[in-house]
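Here are the chains, one letter per residue:
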Amino acid sequence: MTDTGKATIYIRSILNEIGILQKQPTEIQADNTGAIALANAQQPTRHTRHIDIKQMVILQWTAEDIIKYDPSRTDINPADSITKPLGSTKFYKQNDILMG
């Protein structure tokens, strides 16, 4: 999620340079509810002490309303077909989404 956030910050800076101001936070969908909860917590907890400090920049981005992490529904998440084992019904449904 940090790499996606970095890419988002970069794209937002380019848009800002050409005069397209971003008034709302950029929404990023993720399917890891634990990571979303951590990102939206806006402060580290005693359970997050094992996470590398460079990953904590997500807390700053969400606190400043630059990025907003939202959960994505697994039934319409096209990445599931290439990252998780799916049954044939879900596989073909996701394949249709990917292939158009």
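Since the model is a prediction, treat every value here as computed from it, not as a measurement.

What to know about the nonpolar core
Thinking step 1. Ranked by size, the top nonpolar core spans 9 residues in total: Ile28, Ala30, Ile36, Ala39, Ile58, Trp61, Ile66, Ile67 and Tyr69.
Thinking step 2. In contact with Trp61, other than residues within four places in its own chain, are Thr2, Gly5, Lys6, Ile9, Ile66 and Ile67.

Concerning a nonpolar patch on the surface
Thinking step 1. A contiguous nonpolar patch, built from Tyr10, Ile11 and Ile14 and spanning about 310 Å² of accessible area, is present on the exposed surface.
Thinking step 2. As for its placement among the helices and strands, Ile11 is situated in helix H1 (residues 2-17).
Thinking step 3. By relative accessible area, which is 48% here, Ile11 ends up partly exposed.

Structural notes on the confidence of the model for the protein chain
Thinking step 1. Per-residue confidence for the protein chain gives a mean pLDDT of 79; residues scoring 70 or more make up 82%.
Thinking step 2. Predicted confidence in the protein chain is weakest over helix H4 (residues 80-83), with a mean pLDDT of 72, and strongest over H1, with 91.

Parameters and conventions
Residues numbered from 1 in each chain as written. Predicted model: local features only at pLDDT ≥ 70, side-chain atom pairs only at ≥ 80, totals over all residues. Heavy atoms only, no water. Core = buried A, V, L, I, M, F, W, Y, C linked by side-chain atoms within 4.5 Å. Buried < 20%, exposed > 50% of the residue type's maximum accessible area, 1.4 Å probe, protein only. Contact = heavy atoms within 4.5 Å. Patch = residues over 30% accessible without salt bridge, like charges linked within 9 Å, V, L, I, M, F, W, Y side chains within 5 Å. Areas by Shrake-Rupley, 256 points an atom, 1.4 Å probe, with all protein chains shown as cover. Salt bridge = Lys/Arg side-chain N within 4 Å of Asp/Glu carboxyl O. Helix = DSSP H or I, 4+ residues; strand = E, 2+ residues; numbered from the N terminus. pLDDT = per-residue confidence, 0-100.

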